[in-house]
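So you can see what is in the structure, the chains are spelled out below.
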Amino acid sequence: RYFYELKFKRACQQADAIVAISEQTAEDLVHFLKADPKKISLIYQDCHPQFRQTVSLTEVAHFRKEHGLPSAYIYVAGSFEKRKNHLRVMEAYAQLPADRPPLVFAGQKTPYLQEILKRAAKLEIAEEIYVLTNISFAKLPLLYAGASFTAYLSEFEGFGLPVLESMAMGIPVLTSNMSSMPEVGGQAALYAPPTDVEAIAMQMRLLLFDEERKAHFQLQLLDQANTFSARHMAHQLNELYRSL
């Protein structure tokens, strides 16, 4: 960490221009690396094009059958690391009514996964947890598409791609009200403080049981997702290069 901090600080000092993928990242560059704010250009990224492709109900049904998933589930996005906040999501989930759909996690195995499974057992929800460790990147759109909603309550992100990926797939998303996530979700996502289990549970109930409110957010998903564009990103980068 020490050497990377030196490298990044020097890069910020020597660069003619710096691209930040969010306002949060721009603030962090100034705060932690003492970057010159005048050098920084805010250029939002896009998600992979596969998340903007239509998937059929047949494909989703086949994916569920292939991985032994139920017809309804909540996808808890994020790799198995502590800042992704899986533990509090499970604590909130445990407060929901008994007819709640199960939770699905996906990612490569890490020591933190064992901590997740131990907490699930302690909360007596182990039988409602599905863990997929062999999902290819190409199949991720199907994982989103089969979900009732996506939960992504990360404590910190430079951008928060799962928020955009879920919206691009037309799937409602509950995410953190801090860091870069509100920049991505805009008015189309639901928010909760990532450290507030009660607030997370309340928003999960809304997405599961308040069909009118859920429909309201679904109407805004694609419009918000379409504010992020690879074409627009390329245009901005091209203009930045031409300005140097």
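Quick note: structure is the one above.
Chemist: Help me understand the pairing of strand β4 (residues 103–106) in this model?
Modeler: Each regular strand carries side chains that alternate between the two faces of the sheet. Here β4 shows no split at all, with Leu103 and Phe105 on one side and Val104 and Ala106 on the other all buried. Pairing analysis gives three bridges linking strand β3 (residues 74–76) to β4, with the strands arranged parallel. By the bridge assignment, isoleucine 74 is partnered in β4 with leucine 103. In this view, the connection linking β3 to its parallel neighbour β4 by way of helix α4 (residues 86–93) has right-handed handedness.

Chemist: What should I look at first to understand the packing of aromatic side chains in this one?
Modeler: Between two aromatic rings, the relevant description is the distance of the centres plus the angle of the planes. One pass over the full model with this rule turns up eight aromatic pairs. The interplanar angle of 85° and the centroid separation of 5.1 Å between the aromatic rings of tyrosine 75 and tyrosine 144 together place this pair among those described as edge-to-face. With tyrosine 75 in strand β3 and tyrosine 144 in helix α6 (residues 140–145), the pair connects residues that are 69 residues apart, well separated along the chain. Of the two residues examined, tyrosine 75 and tyrosine 144, each falls in the buried class. Ring pairs connect the aromatic residues Phe51, Tyr75, Phe137 and Tyr144, which therefore count as one cluster. Over the face of the ring belonging to tyrosine 93 we find arginine 100, whose NZ or CZ atom lies 4.7 Å from the ring centre.

Chemist: Mind showing me how you'd approach the packing of helix α7 (residues 161–168) against helix α10 (residues 211–225) here?
Modeler: Between two packed helices, what matters for the description is the angle formed by their axes and the separation of those axes. Here α7 crosses α10 at 115°, and the two axes come no closer than 8 Å. Along this stretch, α7 crosses α10, giving a crossing that reads as left-handed. The segment α7 lies against α10, with Leu164, Met167 and Ala168 engaging Leu221, Leu222, Gln224 and Ala225. When grouped by side-chain class, the residues that make up the contact of α7 with α10 number six nonpolar, one polar and no charged.

Chemist: Could you clarify how one ought to interpret the packing of α4 against helix α9 (residues 197–209) in this entry?
Modeler: At a minimum axis separation of 8 Å, α4 and α9 run at an interaxial angle of 60°. What the angle tells us is that α4 and α9 run oblique. The chirality of how α4 crosses α9 is right-handed. Along the contact surface, α4 presents Arg88, Val89, Glu91, Ala92 and Tyr93, while α9 presents Val197, Ile200, Ala201 and Met204. Broken down by class, the residue content of the contact of α4 with α9 amounts to seven nonpolar, no polar and two charged.

Analysis parameters
- Residues numbered from 1 in each chain as written.
- Predicted model: local features only at pLDDT ≥ 70, side-chain atom pairs only at ≥ 80, totals over all residues.
- Heavy atoms only, no water.
- Buried < 20%, exposed > 50% of the residue type's maximum accessible area, 1.4 Å probe, protein only.
- Helix = DSSP H or I, 4+ residues; strand = E, 2+ residues; numbered from the N terminus.
- Pairing = 2+ DSSP bridges.
- Right-handed = clockwise from strand over helix to strand, strands pointing away.
- Phe/Tyr/Trp six-rings, centres within 6.5 Å; stacked < 30°, edge-to-face > 60°.
- Lys NZ or Arg CZ within 6 Å of the ring centre and 35° of its normal.
- Axes fitted to C-alpha atoms, helices over the stretch in contact; angles between N-to-C directions.
- Left-handed = near helix turned anticlockwise from the far one by under 90°.
- Contact = heavy atoms within 4.5 Å.
- Nonpolar A, V, L, I, M, F, W, Y, C, P; charged D, E, K, R; others polar.
- Parallel < 35°, antiparallel > 145°, perpendicular 65-115°, else oblique.

Purely geometric stuff here, so don't read any function into it on its own.
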